[in-house]
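Each chain, written out:
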Amino acid sequence: TGREVVGARTLAELTESLLGVVADSRTPALASDKARVIERYFAIAGPADGATAQLGALGVNGQMAAARAAYARRLDLMTGLGADPRQMEFSAEFGRNFAYYTGFMFEFVAPNMSAASPLGGGGRYDDLMQAVGAPVTVPAVGAALHTERVLACLDGGRS
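Quick caveat: nothing in here was measured; it's all calculated off a predicted structure.

Of the residues in the protein, 92% reach a pLDDT of 70 or more, and the chain-wide mean stands at 84. Across the protein, element-level confidence peaks in strand β5 (residues 141–145) with a mean pLDDT of 91 and bottoms out in helix α5 (residues 128–131) with 84.

So this is what it looks like as structure tokens:
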């Protein structure tokens with residue numbers, strides 16, 4: 001097309017993405033019973049070790065059952081590595097504001113810091129490399145720390 005590449009995507013790729021947004025806006029509304037399950041799911045929040053039971057209480061099968069099992073396994077693995085699930089929070093509505101995340105997302109917070117100032121965060125982003133031109137999907141996980149917040153936390157300060 002002779003057009004400049006925007007970021008790492010071509011004009012055709014950007015157009016395809018925008019056409020997908022338009023198609024999504026024309027999708028019929030969910031059935032009310034499905035919408036209620038989604039609302040119940042997004043209401044789940046609290047200690048990480050209690051979320052497994054709450055996820056099971058949704059009473060759905062298929063992908064949700066698989067997601068519940070994956071969550072329980074992940075929690076068991078973290079516990080096995082010494083993490084205390086009573087010190088972790090689960091929030092179904094939590095999300096990082098980046099479209100490239102494809103699964104598990106997390107933040108590190110400290111009690112003496114503002115909730116708006118996490119020490120760090122990250123998650124899975126398996127589709128990111130392919131979205132910027134890699135020929136195959138690359139399984140990936142990453143995280144970043146806000147070093148100035150970590151230092152403030154260690155100094156007993158608040159941010």
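As a further point, take the packing of aromatic side chains. Scanning the model with the defined rule gives 5 aromatic pairs in all. Considering the side-chain rings of tyrosine 71 and phenylalanine 90, the 5.0 Å spacing of their centres and the 70 degrees angle between planes classify their relative orientation as edge-to-face. With tyrosine 71 in helix α4 (residues 63–80) and phenylalanine 90 in strand β2 (residues 89–91), the pair connects residues that are 19 residues apart, well separated along the chain. Residue phenylalanine 90 is classed as buried on the basis of its relative accessible area, which comes to 13%. For the pair phenylalanine 106 and phenylalanine 108, a centre-to-centre distance of 5.4 Å together with 65 degrees between the ring planes defines the contact as edge-to-face. Given a relative accessible area of 41%, phenylalanine 108 falls into the partly exposed group. Every member of this aromatic cluster is reached through a ring pair, and the members are Phe104, Phe106 and Phe108.

We now examine the layout of surface pockets. When its volume is computed, the largest pocket comes out at roughly 1,300 Å³. Lining the largest pocket are 33 residues, and of these Glu89, Phe90, Phe104, Met105 and Phe106 sit closest to its centre. Elements with a minimum of two residues in the lining of the largest pocket: α2 (32–42), β1 (45–47), α3 (48–56), α4, β2 and β3 (105–108). Counting residues per element, the lining of the largest pocket draws most heavily on α4, which supplies 8 residues. For the lining of the largest pocket, a count of residues per class yields 23 nonpolar, 4 polar and 6 charged.

A few words now on the environment of threonine 10. One can find threonine 10 in the segment before α1 (11–25). Residue class for threonine 10 comes out partly exposed when judged on its relative accessible area of 34%. Residues threonine 10 and alanine 131, 121 residues apart in the sequence, show an inter-C-alpha distance of 11 Å.

Attention now moves to the environment of valine 141. With respect to the helices, strands and loops of the structure, valine 141 is situated in strand β5. With relative accessibility at 55%, the residue valine 141 sits in the exposed group. Beyond its immediate sequence surroundings of up to four residues, valine 141 is in contact with Gly123, Arg124 and Tyr125.

This part is about the pattern of salt bridges. All told, the structure shown has 3 salt bridges when counted by the stated rule. The shortest N-O distance in the salt bridge between arginine 149 and glutamate 148 comes to 3.9 Å.

Looking now at the nonpolar core. Inside soluble globular proteins, nonpolar side chains tend to come together where they are buried. Core analysis: the biggest nonpolar cluster contains 10 residues, these being Ile44, Ala48, Ala51, Leu55, Leu58, Tyr71, Leu75, Met88, Phe90 and Ala92. Among the elements of the structure, α3 and α4 are those that each provide at least two residues to this core. Here this core gets 3 residues from one element, more than from any other, and that element is α3. For alanine 48, the contacting residues outside a window of four places in its chain are Tyr71, Leu75, Pro85, Met88, Glu89 and Phe90.

Once that is clear, we can look at the sheet that holds strand β4 (residues 120–124). Read from one edge to the other, the open sheet built from 3 strands follows the order β3-β4-β5, with strand pairing classed as antiparallel. The strands lining the two open edges of the sheet, one partner per strand, are β3 and β5. Between one strand and the next, the sheet's axes are offset by a mean angle of 10 degrees, whatever the strand orientation. As judged from the 5 bridges shared by β4 and β5, these two strands associate in the antiparallel manner. Within β5, the residue paired with glycine 122 across the bridge is alanine 143.

Procedures and definitions
Residues numbered from 1 in each chain as written. Predicted model: local features only at pLDDT ≥ 70, side-chain atom pairs only at ≥ 80, totals over all residues. Heavy atoms only, no water. pLDDT = per-residue confidence, 0-100. Helix = DSSP H or I, 4+ residues; strand = E, 2+ residues; numbered from the N terminus. Phe/Tyr/Trp six-rings, centres within 6.5 Å; stacked < 30°, edge-to-face > 60°. Buried < 20%, exposed > 50% of the residue type's maximum accessible area, 1.4 Å probe, protein only. 1 Å grid on protein atoms, 1.4 Å probe; cavity = no way out; pocket = protein on both sides within 12 Å on 5 of 7 lines; lining within 4 Å. Points joined across faces, edges and corners; volume = space filled by probe spheres on them. Nonpolar A, V, L, I, M, F, W, Y, C, P; charged D, E, K, R; others polar. Contact = heavy atoms within 4.5 Å. Salt bridge = Lys/Arg side-chain N within 4 Å of Asp/Glu carboxyl O. Core = buried A, V, L, I, M, F, W, Y, C linked by side-chain atoms within 4.5 Å. Pairing = 2+ DSSP bridges. Axes fitted to C-alpha atoms, helices over the stretch in contact; angles between N-to-C directions.

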